[in-house]
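Okay, here's what each chain looks like letter by letter:
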Amino acid sequence: MSQTSILQKLAGAAITLGAVGSVFAADQGTAWTGSADEVRALVSEVMADAETRSSLLAAGSAAGYDNSRHTFFLASDDGSWRLNIGGYVQFRYFLDFRDDNGGDEDFESGFDSSRTEVIFDGHVATNVFYKIEGNFVPAGGAFTLQDAYGGYRWDNGLYVKFGQFKLPYLREELVGDTMQLTVDRSLTNFTFSQGRSQGVELGYEQEDWRVMAAFSDGLNSQNSLVGTNSPFSFNDGFTRGGGESDWAITGRFEWKAAGSWDQFKDFTSMPGNEFALLLGVAGTVEQSDNNIPGGVGPGPDRAFGTADDVAGVGGDTTLGGWTADLSIEGDGWNFYAAAIGHHVSNNLAGAGGPANSSYDDYGFVVQGGIFIPNTDWEIFGRYDVAVNDSDRTGAGGAAPGIVAGADDNFNTVTFGANWYWSGHAAKFTVDCQWFLDSANTLNGPVNSIGYFQDLSDENEISVRFQFQFVF
């Protein structure tokens, strides 16, 4: 009999025995005292009854809480089958200050249930893995699918997965929501992020390196349907705004020079951790044909908010991107840096359509943190910048994505602190974002991180407070 079964039966027996004793005492109006033989007979009878009804789990099953993963689980005794049940809550309060913006208020404040997610994942027959994750959207509370995939992992480190997942591109995006150094990812990450897509990924992992490659519907095509991009694809930046590309290939390579893979699941490094170093490079390319019949318009440019009255457009839009990143961790300190480059090319034809165009945009992120000695407090800082092609700035209205008088660069400085109550499972974070420039063509407002955008003035400041719980 397994240890789990014994504990289940003893628990069932104890509950039943306690109930019997209570009833008997209540009936007699006194405490029950019996002989040793009577006690043994009663215990034997209760144990026999518990044998038949002591557990809600099937024979050979186990359940509990995994402290390393912060999840509850159901599993078979041999570990070949397992279901993890968990989730997390990120609750925020914002204070945003900016100059008076065309009659808009110069101060915003309020609470936001930024992320309330539930996660089911695990494996079947040891080698078959799966994951389903969803989020209750703050605006309205609707449940939205995030990850939904399955796959197979061979014993030699090779795996394949299919469904909806984050493409293997920007490392800042690949690190989980609850594992960030600051309250949330950088504005530069939101500008160039791969988001989630639907496709197939093939990967291979060894002790010191791993490689991943995906064939998908393209960057930020979460929950999209086949053909839904058609009215939008002629606008450059369609990959940031959503909708499917016709095809997309994304790949990433990582070399772990020191440390363990588990150390790079987050951006922080707890006191006592060993030195670790990770180098990563990634690239992506995708294309969408533009076959827009006459009379379609106005159609929104989902990346930049412009509109085009199109009489008929053909051609294609192509995006190519690359990134390189460095992660270093030590005894209570961490450092991360990344560079990103995107080339967007519109080859368009048709009366009333936007002119052919191509843009080269770049982004840079540098961040680091260190624990205050003998405390649970970690202080951190980050600098990120999005550098848009100068062709995107000008008179405005001549082509999609152009904002009159916009800055070529958009710089953000972030600094703050984490207070770890129980690692990432329970922590409090406070930080301040200083958006140094006026609106950049690449960066639309991102309310979820506290950037509400000032179209004419510089120096928007956003202070964020976040409580995080992982269960």
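For the structure, see preceding data.
Residues numbered from 1 in each chain as written. Predicted model: local features only at pLDDT ≥ 70, side-chain atom pairs only at ≥ 80, totals over all residues. Heavy atoms only, no water.

Caption draft 1: Layout of the environment of D431. For D431, the position within the fold is in strand β21 (residues 426-435). Since its relative accessible area comes to 2%, D431 is described here as buried. Placed 16 residues apart in sequence, D431 and F415 show a C-alpha to C-alpha distance of 5.5 Å. Those residues within four positions of D431 in sequence are excluded, and the remaining contacts are T182, V183, F380, T414, F415, G416, S462, V463 and R464. Looking at D431, its side chain comes within polar contact range of the main-chain nitrogen of V183, at 3.2 Å. In this structure the side chain of D431 is engaged in a polar contact, spanning 2.8 Å, whose partner is the side chain of R464. (Helix = DSSP H or I, 4+ residues; strand = E, 2+ residues; numbered from the N terminus. Buried < 20%, exposed > 50% of the residue type's maximum accessible area, 1.4 Å probe, protein only. Contact = heavy atoms within 4.5 Å. Polar contact = N/O pair within 3.5 Å; in protein donor to acceptor, adjacent residues only side chain to side chain.)

Caption draft 2: Expanded view of empty space enclosed by the protein. What the rule picks out here adds up to 2 cavities of 30 Å³ or more. Reported here for the largest cavity is a volume of approximately 50 Å³. Together, L170, R171, E172, N189, T323, Y336, A338, I340 and V365 line the largest cavity. Put simply, the parts of the chain that give the lining of the largest cavity at least two residues each are α3 (171-174) and β15 (333-349). For the lining of the largest cavity, the element with the most residues is β15, which contributes 3 residues. Of the residues assigned to the lining of the largest cavity, the class counts are 5 nonpolar, 2 polar and 2 charged. (1 Å grid on protein atoms, 1.4 Å probe; cavity = no way out; pocket = protein on both sides within 12 Å on 5 of 7 lines; lining within 4 Å. Points joined across faces, edges and corners; volume = space filled by probe spheres on them. Nonpolar A, V, L, I, M, F, W, Y, C, P; charged D, E, K, R; others polar.)

Caption draft 3: Just the pattern of salt bridges, in detail. As enumerated under the stated definition, the model contains 20 salt bridges in all. Notably, a salt bridge pairs E108 with R98, separated by 3.9 Å at the nearest N-O pair. Here E108, found in strand β4 (residues 107-124), pairs with R98, found in the loop between β3 (82-97) and β4; they are 10 residues apart in sequence, far enough to count as distant. Residues participating in the shared-partner salt-bridge network are R92, R115, K166, E173, D177, D184 and R185. (Salt bridge = Lys/Arg side-chain N within 4 Å of Asp/Glu carboxyl O.)

Caption draft 4: Representation of the side chain of Q146. Within the secondary structure layout, Q146 lies in strand β6 (residues 143-153). When its relative accessible area of 11% is taken as the criterion, Q146 is described as buried. At 3.2 Å, the side chain of Q146 forms a polar contact with the side chain of E117. Setting aside residues no more than four positions away along its own chain, Q146 makes contact with E117, E133, G134, N135, Q164, R196 and Q222.

Just geometry here; none of it tells us what the structure is for.
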